Amino acid sequence: MSPSSSPRFFTEREVARHSTKDSCWVLLGTRVYDVTSFLRMHPGGEALILRRSGKDLTPEMEGPPHRHSENARRWMEQYYIGELDRDSAETQTLRERKPNAHQTDGKLSGPAEKGRGHDDDSPYDRCSPVDLDNDLVDWRKPLAWQVGHLGEKYDAWVHQPVDRPIRLFGNPLMEAGTKTSWYWVPVVWLPIVVYLSWYCFTSLARGDTTMDITSDFSITFHKYTFIPLFLLGWFLWSFIEYCIHRFVFHMKPPAHNYYLIMLHFLLHGQHHKSPFDGSRLVFPPGLASLVVGSFYRLLSVVLPEVIGKSVFVGGLCGYVVYDMIHYYLHYGSPKRGSYLYGLKAYHVKHHFEHQRAGFGITTTFWDHPFNTVIPEESF
């Protein structure tokens, strides 16, 4: 809601009526928030919010069990729609809300569009997840060419997430090349995983695959060694996943280097700025092929052909699982207490509070030896 507009007031009775998946309101003190579009994104699951709909969430925001970060509180403000009028006996009628839509080219959508009435002067017309007039960049224009000018302000800006899609390029073809639907990952890579798995297993089954250790000693690999080789490749991928996320995606570009800032934003910064942009949660196959090809080339040089391919296909399968899990951590609703539930909570903390820790996606294993585990909260 625009700071210059007068807040809209709602009665307690009206707020309490919005307690379903189709329209869910909550309170922070006397401030009213429409969190309908956030339900499926909430790391604790939508049920936790629905049970508290129409109520004051201040105790839950402060914790325990979880104290919400400043970024989480700032994120919450994107859903602010008005104030609670405890003294008013007058019942206000709220017009039916429109479905959530994407926000592009400076037009309002999502929680900003929701609740707009037929009156063009409605305060909802001035609601926006981003302050278009005072933000450090112009959201009406492609961001790729702007972020490099932020300099020393870039790091703080990019780690203040917003709930809106990002347009990187003005050219439609370039923009389309930066977006990938999640299903393209298994469509492109799983046939390769299946074929290479069959090829390696049948090759090992012939019993003529050996690896020379010394001039007088060699090891023969049988078909059942495919499984440990496959798992070794998966394990190696988990290490590569950690290293790329920590040392490439979370490099801190020099404030004076326009091009490195832009490169960082294209690689990963845009994901931290808009973590729920569903079109940029998985690697485009073209970009992924560079990493996959380098991994294959390294193994083909170090190991005999069939052994190297057996390790490679395990790593490739690990990558597919990584991308699918990453997408699910942002948009899925895992069962409370499950492994994926813990991963989701861990990853959300990485986005909203601990951007310099918690680099593991499919596992937190490598965070332990490298001392980047997200610390437990204390109250």
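Computed from a predicted structure; not experimentally measured.

**Q** What is the right way to look at the packing of aromatic side chains in this model?
**A** Between two aromatic rings, the relevant description is the distance of the centres plus the angle of the planes. Scanning all chains against the criterion turns up 35 aromatic pairs. Taken together, a centroid distance of 6.4 Å and an interplanar angle of 80° make the contact between Phe201 and Phe226 edge-to-face. You can see Phe201 sitting in helix H7 (residues 184–205) and its partner Phe226 sitting in helix H8 (residues 226–249), a full 25 residues away along the chain. Using a relative accessible area of 10% as the deciding quantity, one classes Phe226 as buried. In this arrangement the basic side chain of Arg31 is found over the ring face of Tyr80, its NZ or CZ atom lying 3.9 Å from the centre. Seen from the ring of Trp157, Lys273 lies directly overhead, with NZ or CZ sitting 4.3 Å from the centre.

**Q** For this particular structure, what's the right way to read the pairing of strand E5 (residues 80–84)?
**A** Along any regular strand, the residues point their side chains to alternate faces of the sheet. Judged by how many residues are buried, E5 sits mostly within the fold: 5 of 5 residues are covered. Sheet topology places strand E1 (residues 9–10) next to E5; 2 bridges connect them, and they run parallel. Within E5, the position partnered with Phe9 by the bridge is Glu83. Judged from the 3 bridges that link them, strand E4 (residues 31–34) and E5 form a sheet pairing that is antiparallel. Counted as the bridge partner of Tyr33 is Tyr80 from E5.

**Q** Whenever I open this one, H8 confuses me. Can you help?
**A** For the α-helix, the turn length of 3.6 residues means that residues three or four positions removed from each other point alike. The end-to-end C-alpha distance of H8 is 32 Å, a good match for the 34 Å that 24 residues give at a rise of 1.5 Å each. Inspection of H8 places Phe226, Leu229, Phe230, Gly233, Trp237, Ser238, Glu241, Tyr242, Ile244, His245 and Phe249 among the buried residues, and these make up the whole buried set. On the buried face of H8, the contacting elements are H7, strand E7 (218–221), helix H9 (258–273), helix H10 (285–302), helix H11 (305–331) and helix H12 (339–352).

**Q** Which parts of the structure should I look at to understand the nonpolar core?
**A** Side chains of a nonpolar character, in soluble globular proteins, are inclined to be buried together. Ranked by size, the top nonpolar core spans 33 residues in total, and within it Trp189, Phe312, Leu316 and Tyr319 carry the most contacts. For this core, the secondary structure elements donating two or more residues are H7, H8, H10 and H11. Among the elements that take part in this core, H11 stands out by supplying 12 residues, more than any other. If you look at the next biggest cluster of nonpolar residues, it comprises 21 residues, including Leu39, Met61, Val348 and Phe352.

**Q** How do you make sense of the environment of His271 when you look at a structure like this?
**A** Take His271: it is sitting in helix H9. For His271, a relative accessible area of 4% gives the class buried. In this structure the C-alpha to C-alpha distance between His271 and Ile166, which are 105 residues apart in sequence, comes to 9.1 Å. Side chain to side chain, His271 and His351 meet in a polar contact 3.1 Å long.

Reading guide: rules and limits
Residues numbered from 1 in each chain as written. Predicted model: local features only at pLDDT ≥ 70, side-chain atom pairs only at ≥ 80, totals over all residues. Heavy atoms only, no water. Phe/Tyr/Trp six-rings, centres within 6.5 Å; stacked < 30°, edge-to-face > 60°. Helix = DSSP H or I, 4+ residues; strand = E, 2+ residues; numbered from the N terminus. Buried < 20%, exposed > 50% of the residue type's maximum accessible area, 1.4 Å probe, protein only. Lys NZ or Arg CZ within 6 Å of the ring centre and 35° of its normal. Pairing = 2+ DSSP bridges. Expected span 1.5 Å × (residues − 1). Contact = heavy atoms within 4.5 Å. Core = buried A, V, L, I, M, F, W, Y, C linked by side-chain atoms within 4.5 Å. Polar contact = N/O pair within 3.5 Å; in protein donor to acceptor, adjacent residues only side chain to side chain.

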